[in-house]
Amino acid sequence: MGANEAFIDPHVRPREYLTFRLGGEEYGIDILRVQEIRSYEAPTRIANAPPHIKGVVNLRGVIVPIVDLRIRFATAQCEYNDFTVVVVLHVAGRVVGAVVDAVSDVLEIAPDSIRSAPEMNSVVDAGCIVGLANIAERMLILLDIEKLMADPAMGLTD
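Since the model is a prediction, treat every value here as computed from it, not as a measurement. (Residues numbered from 1 in each chain as written. Predicted model: local features only at pLDDT ≥ 70, side-chain atom pairs only at ≥ 80, totals over all residues. Heavy atoms only, no water.)

### Notes on the nonpolar core
Within soluble globular proteins, side chains that are nonpolar tend to cluster in buried spots. Counting 27 residues, the largest nonpolar core has Phe-20, Ile-29, Leu-69, Leu-89, Leu-143, Leu-148 and Met-149 as its most contacted members. Those elements giving two or more residues to this core turn out to be strand S1 (15–22), strand S2 (25–30), strand S6 (85–91), strand S7 (94–100), strand S11 (138–143) and helix H2 (145–150). Top contributing element to this core by residue count: S6, with four residues. Filtering out sequence-adjacent residues up to four positions away, Phe-20 remains in contact with Glu-25, Glu-26, Tyr-27, Ile-29, Leu-69, Val-100, Ala-102, Val-103, Ser-104 and Leu-143. (Core = buried A, V, L, I, M, F, W, Y, C linked by side-chain atoms within 4.5 Å. Buried < 20%, exposed > 50% of the residue type's maximum accessible area, 1.4 Å probe, protein only. Helix = DSSP H or I, 4+ residues; strand = E, 2+ residues; numbered from the N terminus. Contact = heavy atoms within 4.5 Å.)

Below, the structure written as structure tokens:
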């Protein structure tokens, strides 16, 4: 290997992330956690559920809780329009729907392109943030969606 060649570890491969918008921010989650993307339909409300849990829908015989990540992340506006979608996720052995403003695309991101997020107070536990990535002048906040959905503050676990 020449002096100018970079060493690339064959065991550290880029991962694919589904990117989506919540308010003015762009987030990414591991594409392997995504089951499907559906247009938003009003769920059946569950009494006494936290405000960010919009209710449940019947998805081919499976009752799926619907979490509005925009409310959970305290974004300024939560309009339900033609761009609003539900990302159906398979996390922690269950199916959960996450409402987002819009899905952007699927990006391949190398681990060495991900930077640690700075420590700060946030509505999201810092342990749920994988890191930050700059992709073509876009700042992506990469989430560990499994940890996020398992967080007791999400209200999905006992």
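### What about unusual backbone geometry?
Even without glycine at this site, Ala-74 takes up a positive phi of about 55°. With respect to the secondary-structure elements, Ala-74 resides in the loop between helix H1 (69–72) and S6. Positive phi, normally seen in glycine, also occurs at Ala-92, with a value near 50°. Structurally, Ala-92 can be placed in the loop between S6 and S7. Looking at Ala-92, the relative accessible area reads 53%, which means it is exposed.

### Side note on the sheet that holds S6
Strand order in this open sheet of five strands is S3-S6-S7-S5-S4, and the pairing throughout is mixed. The strands lining the two open edges of the sheet, one partner per strand, are strand S3 (34–39) and strand S4 (53–59). Across the sheet, the mean angle from the axis of one strand to that of its neighbour is 30°, orientation sign disregarded. (Pairing = 2+ DSSP bridges. Axes fitted to C-alpha atoms, helices over the stretch in contact; angles between N-to-C directions.)

### Re the packing of aromatic side chains
Counted under the stated rule, the structure contains three aromatic pairs. Both rings, one in Tyr-27 and one in Phe-73, keep their centres 5.4 Å apart while their planes meet at 65°; by these two values the pair is edge-to-face. Highlighted residues: Tyr-27 in strand S2 and Phe-73 in the loop between H1 and S6, separated in sequence by 46 residues. Here Tyr-27 and Phe-73 have matching classes, each one buried. Taken together, the ring pairs connect Phe-20, Tyr-27 and Phe-73 into an aromatic cluster. The cationic tip of Arg-70 hangs over the ring face of Tyr-80; the distance from NZ or CZ to the ring centre is 4.6 Å. (Phe/Tyr/Trp six-rings, centres within 6.5 Å; stacked < 30°, edge-to-face > 60°. Lys NZ or Arg CZ within 6 Å of the ring centre and 35° of its normal.)

### Focus: the confidence of the model for the chain
This prediction gives the chain a mean pLDDT of 86; 87% of its residues lie at or above 70. Put simply, strand S10 (residues 129–135) is where the chain has its lowest mean pLDDT, 90, and S3 is where it has its highest, 96. For the stretch residues 1–8, pLDDT sits under 50, and the model shows two contacts to residues farther than four places along the chain or on other chains. (pLDDT = per-residue confidence, 0-100.)

### Structural notes on the pairing of S11
Sheet topology note: the S2/S11 ladder contains four bridges and is parallel. Considered in S11, the bridge of Tyr-27 is made with Ile-141. Inspection of the sheet shows S10 paired to S11 by six bridges, in the antiparallel sense. Note on S11: the bridge partner recorded for Asn-134 is Met-139. Following S10, the chain reverses through two residues before pairing antiparallel with S11; Ala-136 in that reversal takes a positive phi of roughly 45°.

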